Amino acid sequence: NVVDVATPSGVHQFKVPASAREVAASPQRDSWLAADTKALDALLSWAGNRLVPVSVPATAGLPVVPCVTQRKIKIDPATGGLDKRNAFKSRHCVDGGRQRQLLDRYGVNVGHVETSSSVADDLCIKLTLADAALHDRDTAKADVPNAYLHGQRQPRPIT
C-alpha cells in the first residue's frame, strides 16, 4: 500500500508497512513504532486486557486468538500532506479469518462474517441498526473505531 503525500519539495510516496519487518526497514520507522505503541497502550488501558504468555491460556485449554496490526497514513484533505495531529495510525485487532478456524477447532459454532475486530459496544450496534432501519438501508457490516476497547466479555443478546 503506497500513499502519495504532498511536501514542500513535491509529491512523495510513503509505503504503509504490512509487517514488523517492513516497519523496521521503513524510513518512517520511529513514527510507525510510536503509532504501534500508542495502539497497544490504548488496548491495554481498557480494564481486563493484559498481555499474557501464549502458554497460559494454552495450558488451561483456552484458544489464543491471533491478532493483526493494521496501519494507515492519514492525509490532511486541505493540503494533501501528512495530517499534523496524527499522520501514522496503527490498530491492533483480532484476525477474523484465523479466528473462525480456531473457533471451529474448539467446536464453537458461530455464524461469522470475516472481521478484523470482533467486539463492539452494544449501544454502537443498536445505533447502527436503528440508523439503518430509519433510512431503510441494508447493512452487511460496519466499522466501529476502537471497537475492541468497548467489547463485552460475556455475549449478550441484542434487544
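Parameters and conventions
Residues numbered from 1 in each chain as written. Predicted model: local features only at pLDDT ≥ 70, side-chain atom pairs only at ≥ 80, totals over all residues. Heavy atoms only, no water. Buried < 20%, exposed > 50% of the residue type's maximum accessible area, 1.4 Å probe, protein only. Helix = DSSP H or I, 4+ residues; strand = E, 2+ residues; numbered from the N terminus. Pairing = 2+ DSSP bridges. Expected span 1.5 Å × (residues − 1). Arc of directions from axis to C-beta. Contact = heavy atoms within 4.5 Å. Salt bridge = Lys/Arg side-chain N within 4 Å of Asp/Glu carboxyl O.

### Observations concerning the pairing of strand β4 (residues 88–94)
Successive side chains on a regular strand alternate, one facing one side of the sheet and the next facing the other.
Next, step 1: A large share of β4 lies buried, amounting to 6 of its 7 residues.
Next, step 2: Bridge count between strand β3 (residues 67–73) and β4: 7 bridges; the pairing is antiparallel. Paired with valine 68 across the strands is cysteine 93, a residue of β4.

### Things to note about helix α2 (residues 29–45)
Next, step 1: Its 17 residues give α2 an end-to-end C-alpha distance of 24 Å, which sits within 8% of 24 Å, the value for a rise of 1.5 Å per residue.
Next, step 2: Residues of α2 that are buried include every one of Trp32, Ala35, Asp36, Ala39 and Leu43, and no others. Along the long axis of α2, the arc covered by the buried residues comes to 100 degrees, so they all point the same way. Away from its buried face by more than 90 degrees, α2 exposes Asp30, Lys38 and Ser45.
Next, step 3: The elements touched by buried residues of α2 are β2 (10–15), α1 (20–25), β3 and β4.

### Structural notes on the pattern of salt bridges
Next, step 1: The final tally for this structure, using the stated rule, is 4 salt bridges.
Next, step 2: With its nearest N and O atoms 3.4 Å apart, the salt bridge here joins arginine 29 to aspartate 30.
Next, step 3: Relative accessible area serves as the criterion here: at 58%, aspartate 30 is assigned to the exposed category.
Next, step 4: Across the pair aspartate 36 and arginine 71 runs a salt bridge, and its minimum N-O distance is 2.9 Å. Placement of the pair is aspartate 36 in helix α2 and arginine 71 in strand β3, with a sequence separation of 35 residues. When sorted by exposure, aspartate 36 lands in the same class as arginine 71, which is buried.

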